[in-house]
Amino acid sequence: MIKLKKGFTLVEILIAMALVAILVAIMSPNIARVRPDQKKALFIKAYTRTEIAVVNMINDTEMYPTVYNEDGTLSQFGLCSTKAPIGLLANTDSASGNTKFVHYFARELGSTESGNTVKTSDGLTYDVNFQNADATNADVTAATITITYKDESIGSIKVKNGGNVECSDDKCTKYIEDRYNLKVDE
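Residues numbered from 1 in each chain as written. Predicted model: local features only at pLDDT ≥ 70, side-chain atom pairs only at ≥ 80, totals over all residues. Heavy atoms only, no water.

1. Here's the deal with the overall build of the protein chain
Then, in step 1: Scanning the protein chain from terminus to terminus reveals five helices and eight strands.
Then, in step 2: Its helices and strands taken in sequence order, the protein chain reads α-α-β-β-α-α-β-β-β-β-β-β-α from the N to the C terminus.
Then, in step 3: Rg of the C-alpha trace for the protein chain: 27 Å, well past the compact-globule value of 16 Å for 186 residues, more than 25% over.
Then, in step 4: Dimensions of the protein chain along its principal axes, counting C-alpha atoms only, are 110 × 35 × 25 Å.
Then, in step 5: Considering only contacts in the protein chain between residues 6 or more positions apart, those separated by 24 or more positions represent 48%.
Then, in step 6: Placing the 20 positive and 23 negative side-chain charges of the protein chain at their respective mean positions leaves the two points 14 Å apart. (Helix = DSSP H or I, 4+ residues; strand = E, 2+ residues; numbered from the N terminus. Rg over C-alpha atoms; globule rule 2.2 N^0.38 Å. Contact = heavy atoms within 4.5 Å. Lys, Arg positive; Asp, Glu negative; His and termini not counted. Charge placed at Lys NZ, Arg CZ, Asp CG, Glu CD.)

So, in structure tokens, the structure goes:
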């Protein structure tokens, strides 16, 4: 008795390969649209990290204390303060002056600063422009932070003295407007 081997013929294999090729051709444009936009994802990550860092900084009463004059007016308030911290923090890490904001911002991000630049392990660079030293109005800008990735600016963030974080340019507004949709824009 002769055993016949069961298998696919060459024609059947070629038909299957043609079907797979047609499916790939149909699906390719759609696959490109559902992949996440890397720059948008990184910027949203940077924006969120900035929000968290700013909240931690403004709520640290040793790092940024609120101090009143004898007449009840504000002497020291918010992220524009350039005065050294008070309490236990003053004994261990007492940054002051125009580099105070950058120093504590870098510390909150778990990074180190070099001048006005903070680099993180994910390849993002935060270029911090500190402004309005020692202002006490909550609505003045304390810093403008430009986020760069691979030497290309991907957006700019404005940090207010009172701790609010908002967009500073059109790229940021576009990304944050729909921060939960990471698809590549067409």
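2. Re the state of the cysteines
Then, in step 1: Following the criterion strictly, the structure yields one disulfide and no others.
Then, in step 2: The side chain of Cys-167 participates in a disulfide bridge whose partner is Cys-172; the two sulfur atoms lie 2.2 Å from each other. Between Cys-167 and Cys-172 the disulfide shows an S-S torsion of about -65°. By sign, it is left-handed.
Then, in step 3: When its relative accessible area of 22% is taken as the criterion, Cys-167 is described as partly exposed.
Then, in step 4: Residue class for Cys-172 comes out buried when judged on its relative accessible area of 0%.
Then, in step 5: Unpaired in this structure, Cys-80 has its nearest cysteine sulfur neighbour in Cys-172, at a distance of 19 Å. (Disulfide = S-S within 2.5 Å. Buried < 20%, exposed > 50% of the residue type's maximum accessible area, 1.4 Å probe, protein only.)

In short, geometric facts, not functional conclusions.
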